[in-house]
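Each chain is listed here by its residues.
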Amino acid sequence: MDAVQQANSGHPGTPMAMAPVAYVLWQEFLRFDPEDPIWPNRDRFILSAGHASTLLYSLLHLARVKAVNRKYETLGELAVPLDDLKNFRQLESKCPGHPEYRWTSGVETTTGPLGQGVATSVGIALAGKWLAERYNRPDFPMFDYDVYALAGDGCMMEGISGEAASLAAHLGLSNLCWIYDNNHITIEGNTSLAFSEDVAGRFLAYGWNVQRVSNANDLDLLREALQRFKKTVARPSLIIVDSHIAYGAPTKQDTSAAHGEPLGENEIRATKRRYGWPEDAKFLVPPEVVDDFKGGIGKRGGQLRADWMNLFTAYSEQYPEPAAETLAIQHREPPKDWDAEIPTFPPDPKGLASRDSSGKVLNAIAKRHPWLMGGSADLSPSTKTRLTFEGAGEISRENLGGRNIHFGVREHAMGAILNGLALAKLRAFGSGFLIFSDYGRGSLRLAAIMELPVIYIFTHDSIGVGEDGPTHQPVEHLPSLRAIPGLTVIRPCDANEVAEAWRVIIEKKYDPVALILTRQAIPTLDRSRVAPASGLRRGAYVLSDATNGKPDVLLLATGSEVSLCLDAQEALRQKGAQARVISMPSWELFERQDEDYREAVLPSDVEARVSVENAARFGWERYVGLKGDRIGMRTFGASAPLKALQQKFGFTVDAVVSAALTQVEKVKGTLRQR
Ligand SMILES: Cc1ncc(C[n+]2csc(CCOP(=O)(O)OP(=O)(O)O)c2C)c(N)n1
Ligand SMILES: [Mg+2]
């Protein structure tokens with residue numbers, strides 16, 4: 001109440017109502033040590049109702065959770081000092097408006113977009129089961145953590161929670177417990193405005209164990225429900241808790257007014273009076289409260305972690321290799337020699353689709369990288385992301401240690417589950433058609449905010465899809481993915497750039513990547529005649545230069561359009577014009593190069609420039625200038641064979657040549673005028 005009032009913004013009602021639920025869970029169940037909030041086998045608590053962030057910050061403060069720095073060290077500082085609670089929602093406070101992973105220790109995932117937290121919890125739970133399958137040994141239960149997520153009506157309404165809940169039950173994730181704050185209130189008012197489904201019935205139908213607690217203040221009932229969760233096998237648990245938002249506030253309890261604005265000084269005073277709390281005190285933390293938490297979660301959690309550490313020491317002696325693997329996982333280090341079998345592709349004018357070369361490279365890496373895992377939203381035969389080597393295995397409820405995840409047709413939940421797997425530090429990839437990246441964009445964006453090294457493989461990357469038509473042909477997707485801060489987008493031009501792209505991807509620890517691949521075959525370039533594919537690493541490189549090293553025009557392209565530009569370069573040569581072809585697979589990698597390199601690739605004195613990319617043209621003016629030309633898509637595509645589409649939309653050698661010559665003439669004209 002005090003934090004929200006002081007910030008003059010925020011959500012007081014739900015933290016108040018859920019305090020008893022959080023109290024019982026943290027004090028009596030959560031296997032979490034405040035001294036070491038990143039202990040690998042800790043239970044996770046996820047506040048899916050991220051707007052209720054002061055609940056989590058209060059818990060972190062009262063339990064005296066310690067801060068962890070980027071090097072995984074705890075230096076004795078509190079994750080949430082009281083001053084930061086007083087500065088709720090202010091710049092630099094450890095208490096931002098919504099919980100942010102990495103910013104505040106003890107926050108297991110960033111939440112705020114409703115539904116993301118619960119869906120992410122499925123990924124963390126799946127990772128727990130996977131780690132158990134791979135690393136547990138008789139008498140060594142190294143991984144057996146549970147995942148709790150606290151959700152509101154909003155989380156239940158959002159479709160992503162349904163996708164994730166369905167898969168969680170299908171996989172029988174018994175280590176997963178969602179607690180649903182059934183307060184019947186959202187922003188606009190009572191849920192009866194828009195929500196009358198039988199949530200319990202829905203979850204029963206998914207295959208969850210559903211329990212009800214009729215009163216959020218009844219600690220015994222809560223205890224019983226949580227105990228029953230612990231005993232539940234082979235299915236996840238939902239505990240529906242009936243509560244009163246802003247419990248105890250005399251005029252605002254059970255109203256949407258308690259959801260998103262401060263209660264007001266008078267109401268807070270009256271509420272404190274009703275709680276039997278000193279009504280003038282603000283941010284009061286009586287020492288007994290801290291002691292209480294110390295004696296509860298502090299003592300229990302400390303003991304549990306100490307036991308686990310001892311067990312790990314014995315485990316390391318008996319099973320040194322798996323133990324070393326778990327340590328590498330925790331530090332996001334790839335295994336040794338993960339790249340030893342990456343193939344080199346011989347020149348081939350016909351070539352192969354980049355989805356195919358990617359499938360080969362991915363398999364070559366995954367074979368040597370045991371915790372690289374993932375799958376597709378029902379499209380792996382098309383995205384070529386299935387791991388096919390011996391022993392790869394399919395994940396199912398009977399085999400939670402497999403490497404291939406079948407997400408089903410659930411792009412959004414796939415995104416959140418990938419985030420969950422990455423939060424548990426597994427190396428996760430997910431694939432689908434580029435067009436459907438929109439469906440999972442909410443989660444992808446969170447991966448970028450959280451700096452999680454999630455790998456997206458998006459295939460069928462243009463009108464090159466052909467006959468499936470405009471619903472399946474991405475147009476605006478490349479620029480819109482490039483617009484997400486922190487996301488690295490890579491669109492390789494041939495099989496050897498694909499191999500290099502994967503090298504870059506696996507080295508990343510904090511960056512999500514979208515690898516953009518074709519459905520159609522593209523030539524494998526003869527690298528004895530053009531620059532090596534290692535140039536991909538720098539985002540853009542001179543693939544093939546003007547014969548005299550002094551280009552009249554720059555041709556910039558990505559992916560399938562690069563070989564088109566090489567053909568145009570040849571045709572231009574015959575017309576007496578010298579072109580430099582620049583392969584530019586990744587804007588983001590290029591932007592990170594120093595100015596000298598960027599200038600060497602794109603010399604500012606060459607103003608005649610044409611970009612060629614089979615996507616909306618948005619953004620290319622950055623590299624070709626306002627006077628440059630951009631060959632790209634200006635409309636949606638159409639349903640037709642690829643050749644016809646390339647003609648119609650101007651992706652031909654003739655079109656590139658003509659645009660380049662026009663550019664050269666224009667620049668000559670302005671030079672003359674000058
Ligand atoms: C995806 C998404 N849509 C909309 C919002 C804006 N929003 C924040 S809280 C809220 C209502 C949430 O109601 P509920 O989950 O029942 O939480 P309660 O008010 O009961 O705490 C909405 C619509 C959001 N945070 N995320
Ligand atoms: Mg609600």
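Quick caveat, the model's predicted, so the values are computed rather than measured. (Residues numbered from 1 in each chain as written. Chains lettered and ligands numbered in written order. Predicted model: local features only at pLDDT ≥ 70, side-chain atom pairs only at ≥ 80, totals over all residues. Heavy atoms only, no water.)

So, the sheet that holds strand β5 (residues 176-182)
Strands sit in the order β1-β4-β5-β9-β8 across an open sheet of five strands; the sheet is parallel. The open sheet is flanked by β1 (44-47) and β8 (209-213), the only strands paired with a single partner. Adjacent strand axes in the sheet meet at a mean angle of 15 degrees, parallel and antiparallel pairs treated alike. Bridging between β1 and strand β4 (residues 147-151) involves four bridges; their strand directions are parallel. Considered in β4, the bridge of Phe45 is made with Tyr148. Here helix α2 (residues 13-29) sits on the sheet in contact with β1, β4, β5 and β9 (237-242), set at roughly 155 degrees to β5. Sheet contacts for helix α3 (residues 53-62): β1 and β4; angle to β1, the most-contacted strand, approximately 145 degrees. (Pairing = 2+ DSSP bridges. Helix = DSSP H or I, 4+ residues; strand = E, 2+ residues; numbered from the N terminus. Axes fitted to C-alpha atoms, helices over the stretch in contact; angles between N-to-C directions. Contact = heavy atoms within 4.5 Å.)

Some points on the coordination of the magnesium ion (ligand 2)
Within the protein, the atoms that donate to the magnesium ion (ligand 2) are Asp153 (OD), Asn183 (OD1) and Ile185 (O), at distances of 2.1 Å. Each donor residue of the magnesium ion (ligand 2) belongs to the same chain, and together they define the spacing D-x29-N-x1-I. One end of the pair, Asp153, is in helix α6 (residues 153-157); the other, Asn183, is in the loop between β5 and β6 (185-186), with 30 residues separating them in the sequence. Exposure class is identical for Asp153 and Asn183. Each is buried. (Donors = N, O, S within 2.8 Å, 3.2 Å for Na, K, Ca; no water. Buried < 20%, exposed > 50% of the residue type's maximum accessible area, 1.4 Å probe, protein only.)

Observations concerning empty space enclosed by the protein
Rolled over the atoms, a probe sized like a water molecule indicates the empty space that remains. Considering all chains together, one arrives at five cavities of 30 Å³ or more under this definition. As a volume, the largest cavity reaches approximately 80 Å³. The residue inventory of the lining of the largest cavity, partitioned by class, reads three nonpolar, one polar and seven charged. Space inside the second largest cavity adds up to approximately 70 Å³. (1 Å grid on protein atoms, 1.4 Å probe; cavity = no way out; pocket = protein on both sides within 12 Å on 5 of 7 lines; lining within 4 Å. Points joined across faces, edges and corners; volume = space filled by probe spheres on them. Nonpolar A, V, L, I, M, F, W, Y, C, P; charged D, E, K, R; others polar.)

Considering the sheet that holds strand β22 (residues 629-633)
Sheets are built from strands that pair by backbone hydrogen bonding, the pairs being arranged parallel or antiparallel. The strand order β18-β20-β19-β21-β22 describes an open sheet built from five strands, whose pairing is mixed. Each edge of the open sheet carries a strand with a single partner, namely β18 (541-544) and β22. The sheet shows a mean angle of 25 degrees between the axes of neighbouring strands, direction not considered. As paired strands, strand β19 (residues 553-557) and strand β20 (residues 579-583) are joined by five bridges and run parallel to one another. Of the residues in β20, the one forming a bridge with Leu556 is Ile582.

Considering the side chain of Thr271
For Thr271, the location among the structural elements is in helix α11 (residues 265-275). A relative accessible area of 0% means that Thr271 is categorised as buried. Those residues in contact with Thr271 that lie beyond four places of it in its chain are Met1, Met16, Gly248, Ala249 and Pro250.

Some words on the packing of α2 against helix α9 (residues 219-231)
At a minimum axis distance of 10 Å, the contact between α2 and α9 shows a crossing angle of 50 degrees. With respect to α9, the axis of α2 lies oblique. The interaxial crossing formed by α2 with α9 has right-handed handedness. In contact with Pro20, Val21, Val24, Leu25, Glu28 and Phe29 of α2, α9 contributes Leu219, Leu222, Arg223, Leu226, Gln227 and Lys230. (Parallel < 35°, antiparallel > 145°, perpendicular 65-115°, else oblique. Left-handed = near helix turned anticlockwise from the far one by under 90°.)

Focus: the pattern of salt bridges
The final tally for this structure, using the stated rule, is 38 salt bridges. Taking the shortest distance from any N to any O, the salt bridge between Arg273 and Glu279 comes out at 2.8 Å. Exposure remark for Glu279: the relative accessible area of 28% places this residue in the partly exposed category. A salt bridge links Glu665 to Lys668, with the shortest nitrogen-to-oxygen separation between them at 4.0 Å. Residue Glu665 and its partner Lys668 are located together in helix α25 (residues 653-673), separated by three residues, close to a single helical turn. According to the relative accessible area criterion, Lys668 is partly exposed, its value standing at 43%. (Salt bridge = Lys/Arg side-chain N within 4 Å of Asp/Glu carboxyl O.)

Here's the deal with the environment of Phe651
If you trace the backbone, Phe651 turns up in the loop between α24 (642-649) and α25. According to the relative accessible area criterion, Phe651 is buried, its value standing at 4%. In this structure the C-alpha to C-alpha distance between Phe651 and Lys129, which are 522 residues apart in sequence, comes to 48 Å. Leaving out residues up to four positions away in the same chain, Phe651 has contacts with Ile463, Glu561, Leu564, Val612, Glu613, Asn614, Ile631, Gly632, Met633 and Gln646.

Considerations on the site of ligand 1
Surrounding ligand 1, one finds 15 residues, the nearest of these being Thr14, His51, Gly154, Asn183 and His259. One nitrogen or oxygen atom from the main chain of Gly154 is found 2.7 Å from an oxygen atom belonging to ligand 1. Contacts to ligand 1 include Ile185, whose backbone N or O atom sits 2.8 Å from an oxygen atom. Within the complex, 75% of the 580 Å² of free accessible area of ligand 1 lies under protein. Counting only elements with at least two residues in the shell around ligand 1, the list comes to α6 and β6. Residue composition of the shell around ligand 1, grouped by class: five nonpolar, eight polar and two charged. (Near = heavy atom within 4 Å. Polar contact = N/O pair within 3.5 Å; in protein donor to acceptor, adjacent residues only side chain to side chain. Areas by Shrake-Rupley, 256 points an atom, 1.4 Å probe, with all protein chains shown as cover.)

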